[in-house]
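So the chains spell out like this:
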Amino acid sequence: MQEPRPASQYRFSLANVPTPIVDAIRGAASFSEAVLNQLQAGIEEVDGDGRAPDASGNGAASPQPPVPGATGPPGGPAIQEPLEGWVERVLCAAFGLEALSRSPDGDIPIPRGTSLTWVRVEDGEFPFLHLYAPLVVGVDRSPELYEAVNRVNLQVPMAKAMVVGDGATVILAADLPADARSESELLFAVDLLTRAADHFDTALQERFGGATSLDPTGGGDF
């Protein structure tokens, strides 16, 4: 598997994402489940054989020292930073960027290897962050596919893999409560999900066909 390029070199363009991927990500938010409290790593091959991928976290993101999420004068009441602004500031600092690219829906793309993970801010009464990654698009539904997806779920307990759509798409998704505004939890979740997506997308493609989000040869303008 190729080494991910430094995130600071990426500039995202939806023109480089296959149309089935774009169609799949627009409806992905409805297929989320609550994130487990105990975040765990430990990824294995989809078919249960082989070695687990490198867990060093090299690639898209690494946890950074916490930065306060609220501002205000010394001794005065804290002013809560808007959630959208907080997420952008944390991710820009982690990736060494001045600004983030977004999809037309406002989702933030994070490429890693052949995968593309998206961060969606749900800033309602109970704010949370929705992370989702289409693993493969255009695969045939079969008992073997569902068994493989179940194996993914056993190996990535913080997230949920599922098969959606008529032209079957496998999506990996997780929700992260945003009330605590924990930078370390956000960056850990981003690193874990992008690392899992970059591993399982190609593992599923090798067994079941379909398309990954990005060209394995490293094509695309980021």
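Residues numbered from 1 in each chain as written. Predicted model: local features only at pLDDT ≥ 70, side-chain atom pairs only at ≥ 80, totals over all residues. Heavy atoms only, no water.

Asker: Help me out: how do you make sense of the overall build of the protein chain in this one?
Answerer: A tally of regular secondary structure across the protein chain gives 4 helices and 7 strands. Mapped in sequence order, the helices and strands of the protein chain form the string α-β-β-α-β-β-β-α-β-β-α. For the protein chain, the residues scored as buried account for 46% of the 222 residues in total. Expressed as a percentage of contacts within the protein chain between residues at least 6 apart in sequence, the contacts between residues at least 24 apart total 71%. Here the protein chain has roughly 10700 Å² of accessible surface; of this, 50% comes from carbon and sulfur atoms. (Helix = DSSP H or I, 4+ residues; strand = E, 2+ residues; numbered from the N terminus. Buried < 20%, exposed > 50% of the residue type's maximum accessible area, 1.4 Å probe, protein only. Contact = heavy atoms within 4.5 Å. Areas by Shrake-Rupley, 256 points an atom, 1.4 Å probe, with all protein chains shown as cover.)

Asker: For this particular structure, what's the right way to read the confidence of the model for the protein chain?
Answerer: Interpretation of this model should avoid reading the predicted coordinates in detail wherever pLDDT is low. Looking at the protein chain as a whole, its pLDDT mean stands at 73, while 62% of the residues score no less than 70. Note on residues 48-74: pLDDT under 50 across the span, and 52 contacts to partners over four residues away in sequence or across chains. (pLDDT = per-residue confidence, 0-100.)

Asker: Would you explain the sheet that holds strand β5 (residues 128-137) in this entry?
Answerer: Pairing between sheet strands relies on hydrogen bonds along the backbone, with the strands arranged either parallel or antiparallel. Spatial ordering of the open sheet is given by β3-β4-β5-β7-β6, a layout of 5 strands whose pairing is antiparallel. Only two strands of the sheet have a single neighbouring strand rather than two, namely β3 (108-112) and β6 (160-164). Averaged over all adjacent pairs, the angle separating strand axes in this sheet is 25°, with direction ignored. Along the sheet, helix α2 (residues 83-95) contacts β3, β4 (115-122) and β5; its crossing angle with β4, the most-contacted strand, is approximately 150°. (Pairing = 2+ DSSP bridges. Axes fitted to C-alpha atoms, helices over the stretch in contact; angles between N-to-C directions.)

Asker: Just checking my understanding: could you explain α2 for this structure?
Answerer: Along an α-helix, a turn takes 3.6 residues, which lines up residues three or four apart on a common side. The terminal C-alpha atoms of α2, which comprises 13 residues, lie 18 Å apart, in line with the 18 Å expected from a rise of 1.5 Å per residue. Of all the residues in α2, the buried ones are L83, W86, V87, V90, L91, C92, A94 and F95. As for α2, its buried residues are in contact with β3, β4, β5 and α4 (183-208). Remark: G96 follows α2 within two positions and exhibits a positive phi of approximately 70°. (Expected span 1.5 Å × (residues − 1).)

Asker: Quick question: what am I supposed to make of the environment of L116 here?
Answerer: Considering the arrangement of structural elements, one finds L116 in strand β4. Each C-alpha atom of the pair L116 and L214 lies 7.0 Å from the other, and the pair is 98 residues apart in sequence.

Asker: Help me out: how do you make sense of α4 in this one?
Answerer: Along its 26 residues, α4 runs 36 Å from first to last C-alpha, staying within 8% of the 38 Å computed at 1.5 Å per residue. Extensive coverage of α4 is indicated by the burial of 20 of its 26 residues. Immediately beyond the C-terminal end of α4, within one or two residues, lies G209, with a positive phi of roughly 80°.

Asker: So what exactly am I meant to see when it comes to the packing of α2 against α4 here?
Answerer: Pairs of packed helices are described in terms of their axes, by the angle between the two and the distance that separates them. The contact between α2 and α4 brings their axes to 11 Å, and the two run at 65°. As for the relative orientation of α2 and α4, their crossing is right-handed in sense. Across the interface between the two elements, W86, R89, V90, L91, A94 and F95 of α2 pack against E183, L186, L187 and V190 of α4. Here the residues of the contact of α2 with α4 sort into 8 nonpolar, no polar and 2 charged. (Left-handed = near helix turned anticlockwise from the far one by under 90°. Nonpolar A, V, L, I, M, F, W, Y, C, P; charged D, E, K, R; others polar.)

Asker: Can you walk me through the packing of helix α3 (residues 143-155) against α4 in this structure?
Answerer: At a minimum axis separation of 11 Å, α3 and α4 run at an interaxial angle of 160°. Comparing their axes, α4 and α3 come out roughly antiparallel. You can see that α3 and α4 cross each other, and the crossing is right-handed. Within the contact between the two elements, α3 uses E144, L145, A148, V152 and Q155 and α4 uses F200, L204, R207 and F208. When its residues are assigned to classes, the contact of α3 with α4 shows 6 nonpolar, 1 polar and 2 charged. (Parallel < 35°, antiparallel > 145°, perpendicular 65-115°, else oblique.)

Asker: For this particular structure, what's the right way to read the pairing of β3?
Answerer: A regular strand carries its side chains on alternate faces of the sheet. Taken across its 5 residues, β3 has 5 buried, putting it largely inside the fold. With burial as the criterion, each face of β3 is covered, one bearing I108, I110 and R112 and the other bearing P109 and P111. The sheet contact formed by β3 and β4 spans 5 bridges and is antiparallel. Among the inter-strand pairings, R112 is bridged to a residue of β4, identified as S115.

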